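Here is what each chain is made of, one letter per residue.
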Amino acid sequence: CETCSKEEAKYRCPRCMKYSCSLLCVKKHKLALSCNGVRDKTVFVAVNEFTDLNLLSDYRFLEDVGRTADAAARHLAKIRPTAKKLLSSLRNKAQKCNIDLKTLPIGFTKRRENSTTFNPAENKFYWHLKLVFPHCHAEYTLKRVPDDKTLADILKPYIDPVESDPVVCQRLKIYTASPRSDVRILMKIENRRQNSVRYNELDASRSLLDNLKGKVIIEYPTLFVVLKTLKIDMVVLGQDASEPAESSDGESSSLSSMEEGEIRDSS
């Protein structure tokens, strides 16, 4: 026995190949070596040490992988119709609110983390929302944000000197020390060319729903909170008279009343 060195060995650990004489010694060796006692099916075996048993082991391992993959595929097939129905309903409700909500395929990070729901009884969206504070390199995720809540109220727990959490307030002290009139809320315009990224400026005094109307949302809104007094690399749509607004499919269109008068911060 390689644990007590007293008795004749009766057992051999499938994982570390240590010999043991009893259950007590087996437990002792597992504790001492942090060994779980389960054979490692993927351990490297040199060609000159490869035997028929190794071949059989590999074959069984591949069979196990195949069964697991097949079971996972059948599980997805069962839940997919329900998930598709819910997503379709969510998109239709958003369309009625003049919001172009787009969802990503299963497997994408934003699809997995999105918790947006619609409450038929209240006729209200509860949004999954991400707040980004570029000047402090901070991000916060909010869940179940009612669509009738104003952006100013949404930001209060983060940048209000009185109502914000002390830890958050310290991290975002650049924002909390600035006047509310210096705070701007931007949202990226989707479906634009990579070399023509633009942002819409939102109205903090209006509700989240009002600000999202007429916009394209991929899974959930991401709001960028910036300060007018600090230099940023984010261009707001409509500063240059020579730059027309673009529709979601990339074709030029005239500036809408919402976009007129917006300014651009250039680096």
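Owing to the predicted nature of the structure, the values given are computational and were not obtained by experimental measurement.

As a further point, take the pattern of salt bridges. For the coordinates displayed, the defined rule picks out 11 salt bridges. When the shortest N-O distance is used, the salt bridge between Lys 102 and Asp 100 registers 3.5 Å. Take Asp 100: its relative accessible area is 26%, and that puts it in the partly exposed class. Between Lys 156 and Asp 153 there is a salt bridge whose closest N-O contact spans 3.7 Å. Here Asp 153 and Lys 156 lie together in helix H4 (residues 151–159), a separation of 3 residues that amounts to about one turn. Within the structure, one salt-bridge network assembled from shared partners comprises Lys 41, Asp 64 and Arg 67.

Here we take up the pairing of strand E5 (residues 124–133). Burial of E5 is extensive: 10 of the 10 residues sit out of reach of the surface. Neither face of E5 is exposed, since Lys 124, Tyr 126, His 128, Lys 130 and Val 132 on one face and Phe 125, Trp 127, Leu 129, Leu 131 and Phe 133 on the opposite face are all buried. Two elements, strand E4 (residues 117–119) and E5, share 3 bridges in a ladder whose sense is antiparallel. Within E5, the position partnered with Asn 119 by the bridge is Lys 124. Taking the residues that link successive antiparallel strands as the turn, the E4-E5 hairpin has 4 residues, and the phi of Asn 123 there is positive, at about 55°. Alignment of E5 against strand E6 (residues 138–146), held across 7 bridges, turns out to be antiparallel. Counted as the bridge partner of Trp 127 is Val 145 from E6.

Right, let's get into the nonpolar core. Core analysis: the largest hydrophobic core is formed by 34 residues, its most contacted members being Leu 131, Phe 133, Tyr 158 and Leu 172. If we skip the residues at most four places from it in the chain, Phe 133 touches Ala 138, Tyr 140, Leu 155, Tyr 158, Ile 159, Leu 172, Tyr 175 and Val 225. Grouped together as the second largest cluster of nonpolar side chains are 8 residues, Val 132, Leu 186, Tyr 199 and Val 226 included.

What follows is about the environment of Tyr 158. Inspection of the secondary structure assignment puts Tyr 158 in helix H4. The exposure class of Tyr 158 is buried, given its relative accessible area of 13%. A sequence separation of 17 residues divides Tyr 158 from Tyr 175, and the C-alpha atoms of the two residues are 8.7 Å apart. When residues no more than four places from it in sequence are discounted, the contact partners of Tyr 158 are Leu 131, Phe 133, Tyr 140, Leu 142, Ser 164, Val 168, Leu 172 and Thr 176.

Among the 6 residues that make up strand E10 (residues 222–227), 6 are buried, leaving the element largely enclosed by the rest of the structure. Of the two faces of E10, the one carrying Thr 222, Phe 224 and Val 226 and the one carrying Leu 223, Val 225 and Leu 227 are both buried. Pairing between E5 and E10: 3 bridges, direction parallel. Directly across from Leu 131, in E10, lies its bridge partner Leu 223. Note that strand E7 (residues 183–188) and E10 share 5 bridges and pair antiparallel. If you follow Leu 186 over to E10, its bridge partner there is Phe 224.

Let us now look at the UniProt feature "domain: HIT-type" (unreviewed entry) in the protein chain. As recorded in UniProt, the feature "domain: HIT-type" (unreviewed entry) lies at residues 1–35. The span residues 1–35 carries 31% helix and 11% strand; its end-to-end C-alpha distance comes to 16 Å.

What follows is about helix H1 (residues 23–33). Looking at H1, one finds that the buried residues are Cys 25, Val 26 and His 29. Projection of H1 onto a plane perpendicular to its axis shows the buried side chains occupying an angular sector of 105°, all on one side. Within H1, the exposed residues directed more than 90 degrees away from the buried face are Leu 23, Leu 24, Lys 27 and Leu 31. Contacts made by the buried residues of H1 are with strand E1 (11–12) and strand E2 (19–20). Where H1 terminates, the next one or two residues include Ser 34, which has phi positive at roughly 50°.

About the cut-offs
Residues numbered from 1 in each chain as written. Predicted model: local features only at pLDDT ≥ 70, side-chain atom pairs only at ≥ 80, totals over all residues. Heavy atoms only, no water. Salt bridge = Lys/Arg side-chain N within 4 Å of Asp/Glu carboxyl O. Buried < 20%, exposed > 50% of the residue type's maximum accessible area, 1.4 Å probe, protein only. Helix = DSSP H or I, 4+ residues; strand = E, 2+ residues; numbered from the N terminus. Pairing = 2+ DSSP bridges. Core = buried A, V, L, I, M, F, W, Y, C linked by side-chain atoms within 4.5 Å. Contact = heavy atoms within 4.5 Å. UniProt positions renumbered as here; feature names shortened; annotations may be inferred. Arc of directions from axis to C-beta.

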